[in-house]
Amino acid sequence: MIEKGIKGRREQTVTPEMSAARVGSGLVEVFATPMMISLIEQTCNESVLPYLDEGQGTVGTLVNVAHTSATPIGMRVWCESELVEVDRRRLVFKVKAFDECGPIGEGTHERFIIDTAKFFDKVKGKVIERL
């Protein structure tokens, strides 16, 4: 069973492929906001995986973060997360992102616990409806 208080941490080095200029979110060669959000989602997801039942996963449903400081290519960045609310299948995390010089972002992220097989059945249904 998943309970409040689970913490996560994930670290990576900023590469040119993670820059705002490369992902299309800006024109400069700094850590892109979409990449910071990806780091946040990965951190939160990985933190709860050991507590899920067989066949379960999580999907991100809401991100509310501020990206407060630019990070140059080559610098280490990391995210720290804490599960602060559990409402049945809904998980709410407090998140903070850092680089080697200090904080670069913070906010909240929500994920839902899913049954992976049922989830993909619904997605396949969309493909069939579209045909």
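This one's a predicted model, so the numbers in the text were calculated from it and none came from an experiment. (Residues numbered from 1 in each chain as written. Predicted model: local features only at pLDDT ≥ 70, side-chain atom pairs only at ≥ 80, totals over all residues. Heavy atoms only, no water.)

With that settled, consider the overall build of the protein. Of regular secondary structure, the protein possesses three helices and five strands. Secondary structure of the protein in N-to-C order comes out as β-α-α-β-β-β-β-α. Reported as C-alpha extents along the three principal axes, the dimensions of the protein are approximately 40 × 40 × 20 Å. Within the span of the protein, comprising 131 residues, buried residues form 34% of the whole. Long-range contacts, defined here as pairs at least 24 residues apart, represent 63% of the contacts in the protein between residues at least 6 apart. Accessible surface for the protein amounts to roughly 8,000 Å². Of this, 53% is attributable to carbon and sulfur atoms. Of the charged side chains in the protein, 17 are positive and 19 negative, and the gap between their average positions amounts to 4 Å. (Helix = DSSP H or I, 4+ residues; strand = E, 2+ residues; numbered from the N terminus. Buried < 20%, exposed > 50% of the residue type's maximum accessible area, 1.4 Å probe, protein only. Contact = heavy atoms within 4.5 Å. Areas by Shrake-Rupley, 256 points an atom, 1.4 Å probe, with all protein chains shown as cover. Lys, Arg positive; Asp, Glu negative; His and termini not counted. Charge placed at Lys NZ, Arg CZ, Asp CG, Glu CD.)

On to the pairing of strand β3 (residues 76-87), then. Relative to β3, strand β1 (residues 7-13) runs antiparallel, the two sharing seven bridges. Across the sheet, Arg9 pairs through a bridge with Glu80, a residue of β3. Examined bridge by bridge, β3 and strand β4 (residues 90-99) share 10 bridges and lie antiparallel to one another. Counterpart to Ser81 in the pairing with β4 is Val95. (Pairing = 2+ DSSP bridges.)

Turning to the side chain of Ser81, a few remarks are in order. Relative to the helices and strands, Ser81 resides in strand β3. Residues contacting Ser81, with those up to four places away along its chain left out, are Ile6, Lys7, Gly8, Thr43, Cys44, Ser47, Phe93, Lys94 and Val95.

Moving on, we come to the packing of aromatic side chains. Summed over all chains, the structure comprises two aromatic pairs. Ring centres of Trp78 and Phe98 lie 5.8 Å apart, and the angle between their planes is 20 degrees; this geometry places the pair in the stacked category. Note that Trp78 is positioned in strand β3 and Phe98 in strand β4, a separation of 20 residues in sequence. The exposure classification of Trp78 matches that of Phe98, with both residues buried. (Phe/Tyr/Trp six-rings, centres within 6.5 Å; stacked < 30°, edge-to-face > 60°.)

One recurring pattern in soluble globular proteins is that nonpolar side chains are buried together. One finds Ile2, Phe31, Val48, Leu83, Leu91 and Phe93 to be the most contacted residues of the largest nonpolar core, which totals 20 residues. For this core, the secondary-structure elements that each account for two or more residues are α2 (33-48), β3, β4 and β5 (102-115). Element by element, the count of residues in this core is highest for α2, at five residues. When near neighbours in sequence (up to four residues on either side) are disregarded, Val48 contacts Ile2, Ile6, Thr58, Leu83, Leu91 and Phe93. (Core = buried A, V, L, I, M, F, W, Y, C linked by side-chain atoms within 4.5 Å.)

This paragraph deals with the sheet that holds β4. The antiparallel open sheet is built from five strands, whose spatial order is β1-β3-β4-β5-β2. A single partner strand is all that each edge strand has here, and the edge strands are β1 and β2 (56-67). Between one strand and the next, the sheet's axes are offset by a mean angle of 25 degrees, whatever the strand orientation. Inspection of the sheet shows β2 paired to β5 by 11 bridges, in the antiparallel sense. (Axes fitted to C-alpha atoms, helices over the stretch in contact; angles between N-to-C directions.)

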